[in-house]
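# Descriptive structure summary
Read off the chains here:
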Amino acid sequence: MDFITVEREAKLRRPRDPSDHSTSCGGDDDSPISHLSDDVLVHVLGFLPTATDLMRACAVSRWWCRLGARVPLLRFLCIDRAFDRQETLDRFVAFINNVLTRRAAGQSDAGVEELTISLKSGMSSVDVAEVDAWIRYGMQHVSNTFTLELNIPLRSGNNSNHRYLDDDEDDDDDNNGMILAELPSSPRLKSVMLSLSNARLRLPTAAAFDSLVDLSLENVRLEDNSIHLLNRLLSPACCPRLQRLRFNKLTVGRQVEELHLESDELLELSLNCISRCITLSLQIKTPRLRVFHMRYTSLIGKLTISAPRLEEFILPYTGRVSVINVEDMPCVRILEIDLWLLGGSQYGGYINKDRIRLLQCCRFLQFLTIRLVKYLCLYTTSIPKCLTPLTF
């Protein structure tokens, strides 16, 4: 018997040391996994798609369970039809809270760099207090990326008479919609994405987000008379490093107000379906802005923009927007606008005049898309029917 065979048999007969991860990984000493370092194993475990998969993988041994607590990525995804049952969703919510509580209590060897919670269910509901706790944890304990996507009804406490509001539903009564707590500050987070099932989000009055680079708000309602707080949130004093900003289905109230966006660092801006205001004046002053998309925002009355380095300007389905005080934009290469086929209509001619003035400010275009709108209804928020876009 050669020396290698004798040494291997001696190892197999040796009592296992619980502290030796080589013998507690579920395989023998010569398996490739047993020779990987802990840091490499943690990195590999981070590629598992969900936190549920991570828990299942770590069940193979106590050592892997300890390694699982070091994985800095947590993804809780609830997209299965089985979660339509309230009991199943409640167990999943308890699982989320248990994992986050242990991480917050310091029972883990590593912090959380990325947290994703995505709940999509048509029948079951989640307590608004749970949502507040998740937002608070994400803002205070996550160091890189926090994503919270809710396409689910919300309830208050054990009240099962929850309501899931549509965009077209009236919200004059206080009982319509759930109100979340004030958004807490975060000195470390770099990316935040909140999609909140049309719940009302209270914007902070004094919070700061010194490291925030990417902000996305979707399906969010702001409290009435809170535009000044939104202006503050987007200011350099609150988000000095903000580079990408996205609003989608944002409800800002019925008042006639102004939204100011001034940023020396902003590179990309996307505004889609801003609703519920009668007239909103939007002023943008962003010297480094490269990409600006604005769609389905027919209730924005005035747009004043100063973006000398803008390269891509997309402006379809913006019926009532009047583009005014547009400075020369020599860097724009891609432009998409609407023109109205209204014959002698004075209002339609006024809109087309602003679009033509915008064209004159973009002298070095390479790609131009014009949507010819068949008609314009002045007293509706529905999207107008359009002819096939013409691309030149």
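Residues numbered from 1 in each chain as written. Predicted model: local features only at pLDDT ≥ 70, side-chain atom pairs only at ≥ 80, totals over all residues. Heavy atoms only, no water.

### So, the overall build of the chain
Cut-off, in case you're wondering: Here a strand is any run of E in DSSP of at least two residues, a helix any run of H or I of at least four, and the numbering for each starts at the N terminus. A simple rule labels every residue: compare its accessible area, found with a 1.4 Å probe on the protein chains alone, to the largest value its type can have, and call it buried under 20%, exposed over 50%, or partly exposed in between. Contacts are assigned to residue pairs with any non-hydrogen atoms lying within 4.5 Å of each other. Exposure was quantified through the Shrake-Rupley algorithm and a 1.4 Å probe, taking into account, for residues, occlusion by the shown protein chains and nothing else.
A tally of regular secondary structure across the chain gives eight helices and 19 strands. Put simply, the chain has 392 residues, and 46% of those count as buried. Considering only intrachain contacts with a sequence separation of at least 6, the fraction spanning at least 24 residues in the chain is 54%. Split by element, the accessible area of the chain, about 20,000 Å² in all, is 51% carbon and sulfur.

### Regarding helix H2 (residues 38–45)
Worth spelling out the cut-off: Taking the helix axis as origin, the arc is that swept by the directions to the C-beta atoms.
All buried positions along H2 are accounted for by Leu41, Val42 and Leu45. Each buried residue of H2 lies within a common arc of 100° when the element is viewed along its axis, so the set occupies one face. Of the exposed residues in H2, those oriented more than 90 degrees away from the buried face are Asp39 and His43. Tucked inside the fold, the buried residues of H2 contact helix H3 (51–58) and helix H4 (62–68).

### Some words on helix H5 (residues 86–104)
The criterion, for reference: For a helix, the expected span equals 1.5 Å multiplied by the number of residues minus one.
With 19 residues, H5 extends 27 Å from end C-alpha to end C-alpha; this agrees with the ideal 27 Å at 1.5 Å per step. Elements that come into contact with the buried residues of H5 comprise H3, H4, strand S1 (73–78), strand S2 (112–120), strand S3 (126–127) and helix H6 (128–141). Phi turns positive one or two residues past the end of H5, at glycine 106, with a value near 80°.

### Quick notes on the nonpolar core
The condition is simple: By nonpolar core is meant a set of buried Ala, Val, Leu, Ile, Met, Phe, Trp, Tyr and Cys residues that side-chain atoms within 4.5 Å join together.
If you look at the biggest cluster of nonpolar residues, it comprises 89 residues, and the most contacted ones within it are Phe292 and Phe313. In contact with phenylalanine 292, not counting residues within four places along its chain, are Leu269, Leu271, Ile284, Leu303, Ile305, Leu310, Glu312, Phe313 and Ile314. Counting residues in hydrophobic clusters, the runner-up holds ten residues, among them Leu45, Ala57, Trp63 and Val71.

### Examining the pairing of strand S8 (residues 214–222)
Here is the key point about a regular strand: its side chains alternate between the two faces of the sheet. This is how it is decided: Pairing between strands is defined by DSSP: at least two bridges between them are needed. Whether a crossover is right-handed depends on one test, that the path from the first strand over the helix to the second runs clockwise when the strands point away from the viewer.
S8 sits mainly inside the fold: eight of its nine residues count as buried. Direction of pairing for strand S7 (residues 191–202) relative to S8: parallel, over a ladder of eight bridges. Paired with alanine 199 across the two strands is valine 220, which belongs to S8. Handedness of the crossover joining S8 and strand S9 (residues 244–251) through helix H7 (residues 227–233): right-handed.

### Some remarks on the state of the cysteines
What we call a disulfide is simply a covalent bond connecting the sulfur atoms of a pair of cysteines. What counts is decided by this rule: Defined by distance alone, a disulfide is two cysteine sulfur atoms within 2.5 Å.
Across all of its chains, the model carries zero disulfides by this definition. A disulfide-free cysteine, cysteine 238 has its sulfur positioned 4.2 Å from the sulfur of cysteine 239, the nearest such atom. You can call cysteine 238 buried: its relative accessible area is 0%.

### What about the pairing of S7?
Extensive coverage of S7 is indicated by the burial of eleven of its twelve residues. With six bridges joining them, strand S4 (residues 142–151) and S7 adopt parallel strand pairing. Note on S7: the bridge partner recorded for phenylalanine 146 is valine 192.

### Describing the pattern of salt bridges
Two side chains that carry opposite charge are able to pair once their charged atoms sit near each other. Heads up, the condition is: A pair is scored as a salt bridge if a Lys or Arg side-chain nitrogen falls within 4 Å of a carboxyl oxygen belonging to Asp or Glu.
According to the stated counting rule, one finds twelve salt bridges in the structure shown. Residues glutamate 114 and arginine 75 are paired through a salt bridge, measuring 3.4 Å at the closest nitrogen-oxygen approach. One end of the pair, glutamate 114, is in strand S2; the other, arginine 75, is in strand S1, with 39 residues separating them in the sequence. Exposure remark for glutamate 114: the relative accessible area of 23% places this residue in the partly exposed category. In this structure, glutamate 265 and arginine 288 form a salt bridge, with 2.7 Å as the shortest nitrogen-oxygen distance.

### Comments concerning the environment of glutamine 140
By the element assignment, glutamine 140 lies in helix H6. Each C-alpha atom, one on glutamine 140 and one on alanine 104, is 9.7 Å from the other, the two residues being 36 residues apart in sequence. Beyond its immediate stretch of four places on either side in the chain, glutamine 140 contacts Pro184 and Arg188.

### Let's talk about the side chain of threonine 286
With respect to the secondary-structure elements, threonine 286 resides in the loop between strand S12 (280–285) and strand S13 (291–295). With residues up to four places along the chain from it excluded, the contact list for threonine 286 reads Leu261, Ser263, Leu266, Ser306, Ala307 and Pro308.

### Description of the packing of aromatic side chains
Applicable threshold: Stacked, tilted and edge-to-face pairs are distinguished by plane angle, under 30 degrees for stacked and over 60 for edge-to-face with tilted covering the rest, among Phe, Tyr and Trp rings (Trp via its six-membered ring) whose centres lie within 6.5 Å.
If you walk through the whole model with that rule in mind, you get four aromatic pairs. Both rings, one in phenylalanine 92 and one in phenylalanine 95, keep their centres 6.2 Å apart while their planes meet at 45°; by these two values the pair is tilted. Here the residue phenylalanine 92 and the residue phenylalanine 95 both occupy positions in helix H5, the gap between them amounting to three residues, near one helical turn. Between phenylalanine 292 and phenylalanine 313, the aromatic rings sit 5.3 Å apart at their centres with planes inclined by 25°, giving stacked as the arrangement. Here phenylalanine 292 is found in strand S13, whereas its partner phenylalanine 313 is found in strand S15 (residues 312–314), with 21 residues between them in sequence. Neither residue differs from the other here; phenylalanine 292 and phenylalanine 313 are each classed as buried. The structure contains a cluster of three or more aromatic residues connected by ring pairs, namely Phe76, Phe92 and Phe95.

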